[in-house]
Amino acid sequence: MKATALAHPNIAFIKYWGKLDQELNLPLNNSISMNLDSFYTKTTVEFNDFYEDYVMINKKISSGIEKSRVVEHLDRFRKLAGVDMKAKVISENNFPSSAGIASSSSGFAALTLACSSALKLNLDERTLSSISRRASGSSCRSIPGGFVEWFMGSSDETSYAESIEEPENFIVLDIVAIVSRRKKDVSSTEGMKIFNPYFYARLAEVHEHLCFVRNAIKEKNFTQLGKYAEKDCISMHTVMMNSGLFYWEPETIKIIKLVSELRKEGTECYFTIDAGPNVHILTLPENEEKIRNRIQKENEKIELITSKPGGKARIIDENLF
Ligand code: DP6
């Protein structure tokens with residue numbers, strides 16, 4: 001009863017920040033993201049006659065909250081399959097956890113698919129996405145491929161993500177500038193619990209952002225996509241800052257300004273940032289070299305990693321143990 005899955009992390013164009021229901025992990029709004037093909041998590045799960053659950057992530061034995069989040073997810077699958085076998089889980093990212101890439105999105109998506117396959121549950125994509133959401137909201141968007149929308153829903157069954165465009169149909173690049181590798185002081189889960197009135201202000205505008213981004217993806221309108229993704233990122237960070245959460249570093253602002261300079265000079269690019277200081281620059285393939293050279297000219301130490309839209313979470317043959 002062993003299986004291995006691979007999943008890509010995703011970057012949100014319309015952000016998820018705030019929960020309607022903590023227990024079910026239902027969000028306050030729909031969100032839209034793109035899977036990142038340069039990054040992935042591979043996870044092998046085996047259910048067997050083990051004495052206890054064993055979890056190893058990036059060659060380190062897990063304990064504390066990290067392990068309990070995985071064990072809670074294993075429990076969801078044990079309940080579904082009607083088994084009480086313990087599990088061995090080995091998971092590896094092709095990027096360091098400290099790179100500021102949302103490893104929980106690819107991590108829980110890969111764990112979800114590997115558990116379902118190991119227990120021979122044959123779940124469809126919608127159910128997989130919905131179960132993954134319980135472990136970490138953004139991970140439900142790493143189950144389907146390419147450009148994905150997470151429908152907030154109002155129950156466990158109605159809150160799931162679905163692909164709105166295949167990865168090969170719209171080649172948008174994400175160049176992530178790694179400003180800091182330090183682990184963030186406040187996790188997304190904890191950060192979004194600090195409620196303030198700006199959450200309401202964000203909800204008043206997020207529906208407009210969603211419509212523009214969804215249509216931009218369907219119509220392959222990069223300008224509209226970038227403009228509204230950037231607006232939505234600023235909207236989310238305004239909420240965060242009102243909760244006293246300043247995820248940006250001085251270098252973050254420098255890159256934001258550089259993006260706006262490049263745009264004025266005619267190189268089309270936009271920025272988006274998650275709960276951390278690293279800046280994701282969105283652009284089209286013809287602008288990649290110019291943007292990379294320009295950032296590297298300002299700061300040669302900054303690491304830049306380019307991704308194209310990535311595929312869906314999938315089962316692979318190569319087991320990690
Ligand atoms: C800023 O999915 O990590 O990246 O559901 O509590 O696990 P939990 O939160 P998580 O939050 C991600 C927040 C974000 C925006 C986004 O990806 O939409």
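Our subject in this report is the structure included herewith. Keep in mind that this is a model prediction, so the values were computed, not measured.

## Remarks on the overall build of the chain
What the chain contains, in helices and strands, is eight helices and 16 strands. Counting only C-alpha atoms, the chain reaches 65 × 40 × 40 Å along its principal axes. Taking all 321 residues of the chain together, the buried fraction comes to 53%. Within the chain, contacts between residues separated by at least 24 positions form 75% of all contacts whose residues are at least 6 apart in sequence.

## A look at the pairing of strand β9 (residues 86-93)
Judged from the eight bridges that link them, strand β6 (residues 41-48) and β9 form a sheet pairing that is antiparallel. Bridging across to β9, N48 finds its partner in K86. Sheet topology note: the strand β7 (residues 54-57)/β9 ladder contains four bridges and is parallel. Looking at β9, one finds that M56 is bridged to I90.

## Focus: the nonpolar core
Membership of the largest hydrophobic core comes to 27 residues, with the highest contact counts inside it found for F13, I32, F147, V213, I217, F222 and L225. Breaking this core down by element, the ones donating at least two residues are β2 (10-14), β5 (31-35), β12 (173-178), α5 (198-219) and α6 (222-242). Here this core gets five residues from one element, more than from any other, and that element is α5. Not counting chain neighbours up to four residues away, the residues in contact with I217 comprise F13, I32, F147, I164, E165, F170 and L225.

## Description of the pairing of strand β14 (residues 279-283)
Within β14, five of the five residues are buried, which leaves it mostly tucked inside the rest of the structure. Across the two faces of β14 the burial is the same, with V279, I281 and T283 and H280 and L282 all buried. Looking at chain direction, β12 and β14 are connected through five bridges and run antiparallel. Bridged to L173 within β14 is T283. With four bridges joining them, strand β13 (residues 269-272) and β14 adopt antiparallel strand pairing. Considered in β14, the bridge of C269 is made with T283. Between β13 and the antiparallel strand that follows it, β14, lie six residues.

## Regarding the site of the ligand
Taken together, 18 residues sit near the ligand, with Y16, K19, S136, G137 and S138 positioned nearest. Here an oxygen atom of the ligand sits 3.0 Å away from a polar atom, N or O, in the side chain of R69. Within the backbone of G137, one N or O atom sits 2.7 Å away from an oxygen atom of the ligand. Within the complex, 95% of the 460 Å² of free accessible area of the ligand lies under protein.

## Regarding the environment of T189
Of note, T189 is situated in helix α4 (residues 188-191). The sequence separation of T189 and S139 amounts to 50 residues, and the corresponding C-alpha distance is 13 Å. With near-sequence residues (within four places) excluded, T189 lies in contact with K19 and R69.

## Considering the side chain of S91
Considering the arrangement of structural elements, one finds S91 in strand β9. By relative accessible area, S91 is classed as buried at 8%. Of the polar contacts made by the side chain of S91, one reaches the side chain of T43; its length is 2.9 Å. Not counting residues up to four positions away in its chain, the partners in contact with S91 are T41, K42, T43, M56, I57, N58 and L320.

## Some words on the pattern of salt bridges
The tally for this structure, following the rule as stated, stands at 23 salt bridges. Linking D274 and K15 is a salt bridge whose minimum nitrogen-to-oxygen distance equals 2.8 Å. Of this pair, D274 sits in the loop between β13 and β14 while K15 sits in the loop between β2 and β3 (19-21); the two residues are 259 residues apart in sequence, bridging distant segments of the chain. Among the ionic pairs, E230 bridges to R263, the shortest N-O distance being 2.8 Å. Of the two residues, E230 is situated in helix α6 and R263 in helix α7 (residues 250-264); the sequence distance between them amounts to 33 residues. Assessed through its relative accessible area of 9%, E230 is described here as buried. The class for R263 is partly exposed, based on a relative accessible area of 27%. What emerges from the salt-bridge pattern is a single network uniting E23, R133, R134 and D156.

How each quantity is defined
- Residues numbered from 1 in each chain as written.
- Predicted model: local features only at pLDDT ≥ 70, side-chain atom pairs only at ≥ 80, totals over all residues.
- Heavy atoms only, no water.
- Helix = DSSP H or I, 4+ residues; strand = E, 2+ residues; numbered from the N terminus.
- Buried < 20%, exposed > 50% of the residue type's maximum accessible area, 1.4 Å probe, protein only.
- Contact = heavy atoms within 4.5 Å.
- Pairing = 2+ DSSP bridges.
- Core = buried A, V, L, I, M, F, W, Y, C linked by side-chain atoms within 4.5 Å.
- Near = heavy atom within 4 Å.
- Polar contact = N/O pair within 3.5 Å; in protein donor to acceptor, adjacent residues only side chain to side chain.
- Areas by Shrake-Rupley, 256 points an atom, 1.4 Å probe, with all protein chains shown as cover.
- Salt bridge = Lys/Arg side-chain N within 4 Å of Asp/Glu carboxyl O.

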